[in-house]
Amino acid sequence: MTQPITDEQAAWFEESFQRLVANAEKTIVGKTRVVELAFATMVSEGHLLLEDVPGTGKTALARAMSATVRGIGKRIQFTPDLLPGDVTGITVYDQRAMEFHFHEGPVFANVLLADEINRASPKTQSALLEVMEERHVTVDGVSHEVPRPFMVIATQNPVEQAGTYRLPEAQLDRFLMKTSIGYPDHASTLRILQRGGGDEQLGAVITPEALQGMTELAQGVRVDPRIADYIVRLVEATRSAAETALGASVRGALALGRASRTWAAAHGRAYVTPDDVKDLAQPVLGHRLILQPEAEFDGVTAEAVLGQILLDTVPPAVSATA
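This section reports on the structure supplied with the text. Quick caveat, the model's predicted, so the values are computed rather than measured.

**Focus on unusual backbone geometry**
Peptide bonds are, in most cases, trans, and in most cases residues other than glycine have a negative phi.
Okay, so step 1: Put simply, Arg148 and Pro149 share a cis peptide bond, and its omega is -5°.
Okay, so step 2: With a phi close to 55°, Glu116 is a non-glycine residue in the positive phi region.
Okay, so step 3: Glu116 gets classed as partly exposed once you look at its relative accessible area, which sits at 22%.
Okay, so step 4: Phi at Asp140 takes a positive value of approximately 55°, unusual for a residue other than glycine.
Okay, so step 5: Relative to the assigned elements, Asp140 resides in the loop between β6 (136-139) and β7 (142-145).

**Topic: the sheet that holds strand β1 (residues 48-51)**
Okay, so step 1: Strand order across the open sheet formed by 5 strands is β2-β5-β8-β1-β9, with parallel pairing between neighbours. Edge strands, defined here as strands with exactly one partner in the open sheet, are β2 (73-77) and β9 (177-179). Neighbour-to-neighbour, the strand axes of the sheet open up by a mean angle of 20°, direction not taken into account.
Okay, so step 2: Relative to strand β8 (residues 151-156), strand β5 (residues 111-115) is paired through 4 bridges, and the arrangement is parallel.

**Let's talk about the nonpolar core**
Okay, so step 1: Within the largest apolar cluster, 69 residues are counted, with the highest numbers of intra-cluster contacts made by Phe13, Phe39, Leu61, Ile153 and Met177.
Okay, so step 2: Ignoring any residue separated from it by four or fewer positions in sequence, one finds Met177 in contact with Leu37, Ala40, Thr41, His47, Leu48, Leu49, Ala259, Leu280, Pro283, Val284 and His287.
Okay, so step 3: Membership of the second largest hydrophobic core comes to 24 residues, among which are Leu128, Val146, Val152 and Ala154.

**Comments concerning the pattern of salt bridges**
Okay, so step 1: Counting across every chain of the model gives 13 salt bridges.
Okay, so step 2: The partner of Arg288 in a salt bridge is Asp173, and the shortest N-O contact between them spans 2.7 Å. Of this pair, Arg288 sits in the loop between α12 (274-285) and β11 (290-291) while Asp173 sits in the loop between α7 (169-172) and β9; the two residues are 115 residues apart in sequence, bridging distant segments of the chain. For the pair shown, Arg288 and Asp173 are each scored as buried.
Okay, so step 3: Overlapping salt bridges bring together Glu133, Asp173, Arg174, Arg251 and Arg288 as one network.

**Description of helix α3 (residues 58-68)**
Okay, so step 1: Most of α3 sits inside the fold, with 8 of its 11 residues counted as buried.
Okay, so step 2: Along its buried surface, α3 packs onto α1 (7-24), α2 (32-43), β1, β2, β5 and β8.
Okay, so step 3: Arg70 lies just past α3 and shows a positive phi near 55°.

**Things to note about helix α14 (residues 302-312)**
Okay, so step 1: If you check which residues of α14 are buried, you get Ala302, Val305, Leu306, Ile309 and Leu310. In an axial view of α14, the angular spread of the buried residues amounts to 135°, which keeps them on one side of the axis. Away from the buried face of α14 by more than 90 degrees, exposed residues Leu311 and Asp312 are located.
Okay, so step 2: Looking at the buried side of α14, the elements it contacts are α10 (225-240), β10 (244-246), α12 and β11.

**A few points about the layout of surface pockets**
Okay, so step 1: Its boundaries defined by the atoms lining it, the second largest pocket holds a volume of some 510 Å³.
Okay, so step 2: Taken together, 29 residues form the lining of the second largest pocket, with Ser44, Leu176, Leu254, Ala255 and Arg258 sitting closest to its centre.
Okay, so step 3: Mapped by element, the contributors of at least two residues to the lining of the second largest pocket are α6 (127-134), α9 (208-218), α10 and α11 (250-266).
Okay, so step 4: Among the elements that make up the lining of the second largest pocket, the one with the highest residue count is α11 (8 residues).
Okay, so step 5: Taken together, the residues of the lining of the second largest pocket break down into 12 nonpolar, 7 polar and 10 charged.

What counts, and where the lines are drawn
Residues numbered from 1 in each chain as written. Predicted model: local features only at pLDDT ≥ 70, side-chain atom pairs only at ≥ 80, totals over all residues. Heavy atoms only, no water. Buried < 20%, exposed > 50% of the residue type's maximum accessible area, 1.4 Å probe, protein only. Helix = DSSP H or I, 4+ residues; strand = E, 2+ residues; numbered from the N terminus. Pairing = 2+ DSSP bridges. Axes fitted to C-alpha atoms, helices over the stretch in contact; angles between N-to-C directions. Core = buried A, V, L, I, M, F, W, Y, C linked by side-chain atoms within 4.5 Å. Contact = heavy atoms within 4.5 Å. Salt bridge = Lys/Arg side-chain N within 4 Å of Asp/Glu carboxyl O. Arc of directions from axis to C-beta. 1 Å grid on protein atoms, 1.4 Å probe; cavity = no way out; pocket = protein on both sides within 12 Å on 5 of 7 lines; lining within 4 Å. Points joined across faces, edges and corners; volume = space filled by probe spheres on them. Nonpolar A, V, L, I, M, F, W, Y, C, P; charged D, E, K, R; others polar.

In structure tokens, the structure reads:
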């Protein structure tokens, strides 16, 4: 059973989390919230989906995160001719030794950047499903564990672009959060220009083992039963909304609870508040909603639906010293 986190441990967690964010922000300038969401996803042992225009720093974010945790970072450029074995690895027969050897694919990393994931065929996209959920790949009936921590940062093009395949609902559901980096503001762009546009050479501020310790601590953050009920009511409201054809699943409710624990610890608290849940509802639940065709035609977005749900769903009155 997970031990409850103490106030002292929560304070250490907050300090460590802010060091992670500050280090990565040397490269990702002016995007504090995005970097915080990315590290909250990593500590929660989740995966991040970025839908964004080119040139906003998606690759730089993945590199900064792997460098910050002294991890292995790899990148796959998804294309229509990419095969599942190019992602997971293949088994090759050695004629001299008369035995098979497994050649690891790019998924054997701490931070994997799956660039333009929706340009590959559904068969290749599905090669990531097992490793995202189980942290291992199975090739020719043999399971191979990937390093820990393990995180996929996937980028996708808007589905209106030519040559893209919409991610299936089952795969979208495996991403803990979805967000976008967006263009930097004027002041941040000036800072980037003044340093020449190159990536900052980052040093590690934490080891993978210490990051795993943060993950275990976050699991000990207390969730009041009224907070849990609030999460369930939000998720149920996404299913009953008139604009949605498919609402958030139970996996979505679990994801929101897990991410809220991490978010609370990242702010130095040993307990989750309704504001933690509200802060993360959009990035955690938004991509899990499938809208009715009529609603999409009318210009309704998942963000707008969730925003209205947050307004209509009354949060619990939980004391600040919960």
